[in-house]
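Listed below, chain by chain, are the residues.
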Amino acid sequence: SQQGEEDPQALSIQEGENATMNCSYKTSINNLQWYRQNSGRGLVHLILIRSNEREKHSGRLRVTLDTSKKSSSLLITASRAADTASYFCATGGSNTGKLIFGQGTTLQVKP
Amino acid sequence: GAVVSQHPSRVICKSGTSVKIECRSLDFQATTMFWYRQFPKQSLMLMATSNEGSKATYEQGVEKDKFLINHASLTLSTLTVTSAHPEDSSFYICSATKGQDGSPLHFGNGTRLTVT
(Lines give C-alpha, C1' and ligand atoms only; values in the text may rest on other atoms or scores of the structure.)
Protein backbone atom coordinates (compact mmCIF):
# COMPACT_ATOMS: atom_id res chain seq x y z
CA SER A 1 0.00 0.00 0.00
CA GLN A 2 1.13 3.51 -0.63
CA GLN A 3 2.09 5.26 2.55
CA GLY A 4 3.35 8.60 1.38
CA GLU A 5 1.14 11.47 0.50
CA GLU A 6 2.51 14.47 -1.25
CA ASP A 7 1.29 17.93 -1.80
CA PRO A 8 0.80 19.75 -3.92
CA GLN A 9 -0.12 17.23 -6.59
CA ALA A 10 0.89 19.73 -9.22
CA LEU A 11 3.01 22.86 -9.08
CA SER A 12 3.71 25.39 -11.81
CA ILE A 13 6.32 28.09 -11.33
CA GLN A 14 8.54 30.43 -13.32
CA GLU A 15 12.19 29.73 -13.89
CA GLY A 16 14.28 31.14 -11.08
CA GLU A 17 11.62 30.66 -8.42
CA ASN A 18 11.86 28.15 -5.64
CA ALA A 19 9.71 25.02 -5.56
CA THR A 20 8.65 23.32 -2.35
CA MET A 21 7.07 19.90 -2.19
CA ASN A 22 5.83 18.17 0.93
CA CYS A 23 5.52 14.53 1.83
CA SER A 24 3.73 12.90 4.75
CA TYR A 25 3.95 9.29 5.79
CA LYS A 26 2.24 7.04 8.29
CA THR A 27 4.59 4.54 9.86
CA SER A 28 8.03 4.69 11.42
CA ILE A 29 10.91 4.83 8.97
CA ASN A 30 14.63 4.23 8.73
CA ASN A 31 15.08 6.72 5.97
CA LEU A 32 13.23 8.83 3.45
CA GLN A 33 14.33 9.31 -0.12
CA TRP A 34 13.35 11.66 -2.89
CA TYR A 35 13.29 10.63 -6.53
CA ARG A 36 12.68 12.40 -9.78
CA GLN A 37 10.93 10.98 -12.83
CA ASN A 38 10.91 12.48 -16.28
CA SER A 39 7.86 11.58 -18.31
CA GLY A 40 7.90 7.96 -19.45
CA ARG A 41 11.23 7.18 -17.85
CA GLY A 42 12.56 5.46 -14.77
CA LEU A 43 13.27 7.21 -11.51
CA VAL A 44 16.46 8.93 -10.54
CA HIS A 45 17.57 9.08 -6.93
CA LEU A 46 18.02 12.63 -5.66
CA ILE A 47 18.71 12.52 -1.96
CA LEU A 48 18.37 10.31 1.10
CA ILE A 49 17.78 11.52 4.62
CA ARG A 50 18.00 9.19 7.59
CA SER A 51 15.55 9.20 10.45
CA ASN A 52 18.11 10.76 12.79
CA GLU A 53 18.79 13.66 10.42
CA ARG A 54 16.74 16.84 10.23
CA GLU A 55 18.08 18.53 7.13
CA LYS A 56 20.23 17.68 4.18
CA HIS A 57 21.53 19.61 1.19
CA SER A 58 22.65 18.57 -2.24
CA GLY A 59 23.35 21.33 -4.75
CA ARG A 60 20.10 23.23 -5.26
CA LEU A 61 18.17 20.67 -3.26
CA ARG A 62 17.30 20.97 0.40
CA VAL A 63 15.42 18.25 2.23
CA THR A 64 14.01 18.44 5.71
CA LEU A 65 12.61 15.66 7.84
CA ASP A 66 10.36 15.98 10.86
CA THR A 67 9.81 12.54 12.32
CA SER A 68 7.49 13.88 15.02
CA LYS A 69 5.13 15.10 12.32
CA LYS A 70 6.00 12.27 9.94
CA SER A 71 6.68 14.72 7.18
CA SER A 72 9.42 15.80 4.82
CA SER A 73 9.87 18.61 2.37
CA LEU A 74 11.94 19.02 -0.76
CA LEU A 75 13.00 22.49 -1.76
CA ILE A 76 14.46 23.18 -5.18
CA THR A 77 16.03 26.61 -5.30
CA ALA A 78 16.51 28.76 -8.39
CA SER A 79 14.49 26.37 -10.50
CA ARG A 80 15.25 25.72 -14.15
CA ALA A 81 13.07 24.53 -17.00
CA ALA A 82 15.03 21.28 -16.90
CA ASP A 83 13.69 20.65 -13.38
CA THR A 84 10.28 19.96 -14.94
CA ALA A 85 9.44 16.41 -13.82
CA SER A 86 7.51 14.42 -11.25
CA TYR A 87 9.01 14.16 -7.80
CA PHE A 88 8.32 11.30 -5.43
CA CYS A 89 9.17 10.69 -1.84
CA ALA A 90 9.76 7.13 -0.74
CA THR A 91 10.07 5.62 2.67
CA GLY A 92 12.04 2.59 3.80
CA GLY A 93 11.48 0.97 7.13
CA SER A 94 13.26 -2.32 7.06
CA ASN A 95 16.50 -3.91 6.00
CA THR A 96 15.08 -5.26 2.77
CA GLY A 97 15.65 -2.15 0.72
CA LYS A 98 11.95 -2.06 -0.08
CA LEU A 99 10.60 1.43 -0.66
CA ILE A 100 7.04 2.64 -0.66
CA PHE A 101 6.40 5.66 -2.84
CA GLY A 102 4.22 8.68 -2.31
CA GLN A 103 1.74 9.92 -4.87
CA GLY A 104 4.16 12.41 -6.33
CA THR A 105 4.22 16.08 -7.23
CA THR A 106 4.30 17.13 -10.86
CA LEU A 107 6.46 20.21 -11.22
CA GLN A 108 6.38 22.44 -14.26
CA VAL A 109 8.99 25.15 -14.53
CA LYS A 110 8.18 27.69 -17.20
CA PRO A 111 11.08 29.33 -19.01
CA GLY B 1 27.10 5.38 -11.03
CA ALA B 2 25.08 2.20 -10.86
CA VAL B 3 23.25 1.34 -14.04
CA VAL B 4 20.16 -0.77 -14.44
CA SER B 5 19.09 -1.76 -17.92
CA GLN B 6 15.51 -2.75 -18.65
CA HIS B 7 14.38 -4.32 -21.88
CA PRO B 8 12.27 -3.91 -23.91
CA SER B 9 11.33 -0.27 -23.49
CA ARG B 10 8.06 -0.78 -25.34
CA VAL B 11 6.08 -3.84 -26.26
CA ILE B 12 2.72 -4.36 -27.88
CA CYS B 13 1.18 -7.80 -27.66
CA LYS B 14 -2.11 -9.49 -28.31
CA SER B 15 -4.47 -10.63 -25.60
CA GLY B 16 -3.62 -14.08 -24.34
CA THR B 17 0.07 -13.96 -25.11
CA SER B 18 2.89 -13.73 -22.60
CA VAL B 19 5.50 -11.02 -22.39
CA LYS B 20 8.90 -11.18 -20.70
CA ILE B 21 10.63 -8.08 -19.37
CA GLU B 22 14.28 -8.19 -18.39
CA CYS B 23 16.04 -6.14 -15.76
CA ARG B 24 19.83 -6.21 -15.56
CA SER B 25 22.21 -4.53 -13.19
CA LEU B 26 25.17 -3.68 -15.41
CA ASP B 27 27.92 -2.70 -13.01
CA PHE B 28 26.98 -4.14 -9.65
CA GLN B 29 25.55 -7.28 -8.17
CA ALA B 30 21.96 -6.83 -7.13
CA THR B 31 20.94 -9.20 -4.39
CA THR B 32 17.47 -7.74 -4.48
CA MET B 33 15.42 -6.32 -7.31
CA PHE B 34 11.98 -4.79 -7.15
CA TRP B 35 9.23 -4.67 -9.72
CA TYR B 36 6.84 -1.74 -9.80
CA ARG B 37 3.83 -0.93 -11.87
CA GLN B 38 2.78 2.61 -12.69
CA PHE B 39 -0.50 3.79 -14.17
CA PRO B 40 -0.64 7.13 -16.02
CA LYS B 41 -0.13 10.11 -13.76
CA GLN B 42 0.02 7.87 -10.70
CA SER B 43 2.68 6.70 -8.33
CA LEU B 44 4.65 3.49 -8.41
CA MET B 45 2.95 0.45 -6.95
CA LEU B 46 5.29 -2.21 -5.64
CA MET B 47 4.41 -5.56 -7.16
CA ALA B 48 7.05 -7.87 -5.82
CA THR B 49 10.50 -8.21 -4.32
CA SER B 50 12.84 -10.47 -6.23
CA ASN B 51 15.69 -12.11 -4.34
CA GLU B 52 18.47 -13.93 -6.14
CA GLY B 53 18.16 -17.67 -5.79
CA SER B 54 14.83 -17.69 -3.99
CA LYS B 55 11.17 -17.16 -4.67
CA ALA B 56 9.87 -13.67 -5.12
CA THR B 57 7.79 -12.04 -2.44
CA TYR B 58 4.60 -10.62 -3.84
CA GLU B 59 2.63 -7.71 -2.46
CA GLN B 60 -0.94 -8.20 -1.44
CA GLY B 61 -3.29 -8.31 -4.37
CA VAL B 62 -0.63 -9.17 -6.95
CA GLU B 63 -1.21 -12.53 -8.64
CA LYS B 64 2.00 -14.51 -8.58
CA ASP B 65 0.80 -16.86 -11.31
CA LYS B 66 0.02 -13.90 -13.49
CA PHE B 67 3.29 -12.07 -12.93
CA LEU B 68 6.10 -14.60 -12.88
CA ILE B 69 9.38 -13.37 -11.50
CA ASN B 70 12.69 -15.12 -11.86
CA HIS B 71 15.95 -13.88 -10.35
CA ALA B 72 18.40 -16.48 -11.53
CA SER B 73 21.57 -14.48 -11.13
CA LEU B 74 22.89 -11.48 -9.25
CA THR B 75 22.54 -9.33 -12.34
CA LEU B 76 19.29 -10.43 -13.93
CA SER B 77 15.65 -10.53 -12.92
CA THR B 78 12.79 -11.17 -15.30
CA LEU B 79 9.09 -10.42 -15.08
CA THR B 80 6.78 -12.43 -17.30
CA VAL B 81 3.24 -11.21 -17.72
CA THR B 82 1.35 -14.39 -18.57
CA SER B 83 -1.83 -14.53 -20.64
CA ALA B 84 -1.85 -10.77 -20.90
CA HIS B 85 -5.11 -8.85 -21.04
CA PRO B 86 -5.79 -5.21 -21.91
CA GLU B 87 -6.03 -4.34 -18.20
CA ASP B 88 -2.41 -5.42 -17.83
CA SER B 89 -1.40 -2.53 -20.05
CA SER B 90 0.80 -0.34 -17.91
CA PHE B 91 4.30 0.98 -17.32
CA TYR B 92 6.46 -1.58 -15.53
CA ILE B 93 9.65 -0.46 -13.84
CA CYS B 94 12.34 -2.50 -12.20
CA SER B 95 14.83 -1.35 -9.64
CA ALA B 96 17.84 -2.88 -7.98
CA THR B 97 19.67 -2.41 -4.75
CA LYS B 98 23.03 -3.58 -3.56
CA GLY B 99 21.23 -4.93 -0.53
CA GLN B 100 22.32 -2.50 2.12
CA ASP B 101 19.66 -0.99 4.31
CA GLY B 102 18.91 2.49 3.11
CA SER B 103 20.75 2.16 -0.17
CA PRO B 104 19.16 4.16 -2.97
CA LEU B 105 17.32 2.21 -5.57
CA HIS B 106 18.65 2.25 -9.11
CA PHE B 107 15.88 2.17 -11.66
CA GLY B 108 15.58 0.88 -15.15
CA ASN B 109 13.92 3.11 -17.72
CA GLY B 110 10.71 1.15 -17.63
CA THR B 111 8.71 -0.91 -20.10
CA ARG B 112 5.53 0.38 -21.65
CA LEU B 113 3.27 -2.65 -22.17
CA THR B 114 0.23 -2.34 -24.39
CA VAL B 115 -2.07 -5.33 -24.72
CA THR B 116 -4.47 -5.18 -27.63
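Structure first, text after, so check above.
From a predicted model like this one, the values you see are computed outputs, not experimental measurements.

Residue and element names in this part refer to chain A. All told, the structure shown has two disulfides over all chains when counted by the stated rule. With a sulfur-sulfur separation of 2.0 Å, C23 is cross-linked through a disulfide to C89. Disulfide C23 to C89: torsion about the S-S bond roughly 65 degrees, handedness right-handed. Highlighted residues: C23 in strand β3 (residues 19–24) and C89 in strand β9 (residues 85–92), separated in sequence by 66 residues.

In this section: the packing of aromatic side chains. By the definition in use, this model includes six aromatic pairs over all chains. Ring geometry for Y36 of chain B against F107 of chain B: centres 6.0 Å apart, planes inclined by 45 degrees, an arrangement best described as tilted. Of the two residues, Y36 of chain B sits in strand β4 (residues 32–38) while F107 of chain B sits in strand β10 (residues 106–107), which places them 71 residues apart along the sequence. Side by side, Y36 of chain B and F107 of chain B carry an identical accessibility label, which is buried. Following the ring pairs from residue to residue traces out a cluster consisting of Y35 and F101 of chain A together with Y36 and F107 of chain B.

About the thresholds
Residues numbered from 1 in each chain as written. Chains lettered and ligands numbered in written order. Predicted model: local features only at pLDDT ≥ 70, side-chain atom pairs only at ≥ 80, totals over all residues. Heavy atoms only, no water. Disulfide = S-S within 2.5 Å. Helix = DSSP H or I, 4+ residues; strand = E, 2+ residues; numbered from the N terminus. Phe/Tyr/Trp six-rings, centres within 6.5 Å; stacked < 30°, edge-to-face > 60°. Buried < 20%, exposed > 50% of the residue type's maximum accessible area, 1.4 Å probe, protein only.

That's the geometry; what it means functionally is another story.
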